[in-house]
Amino acid sequence: MSGLPAVPTTYERRPVDIRSRNFHLRLAETPEEVAASQALRYQVFVQEMAAQPTPERQTEQREFDRFDPFCDHLLVFDTDADPAPGRVIATYRFMRREAALRAGGFYTATEYDIGPLEAYHGEAMELGRSCVHADYRAGANMQLVWRGITDYVMHFGVDLMFGCASLPTVEPAEVAEQLTYLYYHHLAPPGLRPRARPELHVKMDRLSPEAVDAKAALQALPPLIKGYLRLGGFVGDGAVIDSDFGTTDVCVVVKTDMVTDRYRRHLTRERTTED
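Everything numeric here is computed off the predicted structure, so don't read it as measured data. (Residues numbered from 1 in each chain as written. Predicted model: local features only at pLDDT ≥ 70, side-chain atom pairs only at ≥ 80, totals over all residues. Heavy atoms only, no water.)

1. A short note on the packing of aromatic side chains
With the rule as written, the count across this model stands at ten aromatic pairs. The interplanar angle of 40° and the centroid separation of 5.8 Å between the aromatic rings of Tyr 92 and Phe 94 together place this pair among those described as tilted. You can call Tyr 92 buried: its relative accessible area is 1%. Residue class for Phe 94 comes out buried when judged on its relative accessible area of 1%. By the ring-pair criterion, three or more aromatic residues cluster together here, those being Tyr 11, Tyr 92, Phe 94, Tyr 152 and Phe 156. A cation sits over an aromatic face here: Arg 57 above Phe 64, 5.7 Å from the ring centre. (Phe/Tyr/Trp six-rings, centres within 6.5 Å; stacked < 30°, edge-to-face > 60°. Buried < 20%, exposed > 50% of the residue type's maximum accessible area, 1.4 Å probe, protein only. Lys NZ or Arg CZ within 6 Å of the ring centre and 35° of its normal.)

2. Thoughts on the side chain of Asp 65
Among the structural elements, Asp 65 can be located in the loop between helix 2 (55-60) and strand 3 (72-78). For Asp 65, the side chain forms a polar contact with the main-chain nitrogen of Phe 67, separated by 2.9 Å. When neighbours within four sequence positions are excluded, Asp 65 is seen to be in contact with Arg 41, Arg 57, Arg 93, Tyr 107 and Arg 129. (Helix = DSSP H or I, 4+ residues; strand = E, 2+ residues; numbered from the N terminus. Polar contact = N/O pair within 3.5 Å; in protein donor to acceptor, adjacent residues only side chain to side chain. Contact = heavy atoms within 4.5 Å.)

3. A word on unusual backbone geometry
Trans is the common state for peptide bonds, and a negative phi is the common state for residues other than glycine. Non-glycine residue Gln 61 carries a positive phi angle of around 55°. Mapped onto the fold, Gln 61 is located in the loop between helix 2 and strand 3. Taking the relative accessible area as the measure of exposure, Gln 61 reaches 37% and is therefore partly exposed.

4. A short note on the pairing of strand 2 (residues 23-27)
The buried fraction of strand 2 amounts to five of the five residues, a majority that puts the element mostly inside the structure. Burial along strand 2 is two-sided: Phe 23, Leu 25 and Leu 27 facing one way and His 24 and Arg 26 facing the other are all buried. When strand 1 (residues 17-20) meets strand 2, the two strands line up antiparallel, connected through four bridges. By the bridge assignment, Asp 17 is partnered in strand 2 with Arg 26. Between strand 1 and the antiparallel strand that follows it, strand 2, lie two residues; Arg 21 among them carries a positive phi value of about 55°. Bridge analysis of strand 2 against strand 3 gives five bridges, and the strand direction is antiparallel. By the bridge assignment, His 24 is partnered in strand 3 with Phe 77. (Pairing = 2+ DSSP bridges.)

In structure tokens, the structure reads:
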């Protein structure tokens, strides 16, 4: 891949269009906006988190892969920043079932057997490549991203969300308590349970349940994983070491009809006044 990315899909109306204070949340609409998303990903994943870039990514200072042209890229702009429409300060990418068919599969399938998810009868959507600029990682900004996800889900009638979420280490022993907690408290039911590919599978139940302080383990999880769990999310069986990104991945699954009433009211409430 070189030059600018492919032009994103054009929709008759914006699936996501949220304005809050100096922020504007919508999907990327031009190749330049997709490139801005990839540049932020490079800044966060490579420069900040020490992921290993390919020579091409290093040259272009963008983090990208073969799935990007088939995805919708959610962007948060700081509209007070130049140049217009503003600085991209957060991004998330989405790929629905039809796009995955054109892409030759979901990214998650490179790490997990997602047969149960692919067989699910409703609309399925993969989430990934989530990152926020270091200057904007306040809780309110993450809530804005979740509002965007919810609007996208409702626009397309998504029934099932899934994707790989990461813990920042390649040493499972360092996150043994968190992995064990996830396994015993949030393992997906068999009909929706992805499983790490056999050659990549890392055991999650590394400790006895009695050895885990559930409250402390939950608190120690990355904010993104905790966000999925608050939405009623599950995890698949087995973790995967991603040496390129320097992470231990888990597969998270969320049925959108299992979103708690509290979160549904919070994320989809009518906005009668400007934020």
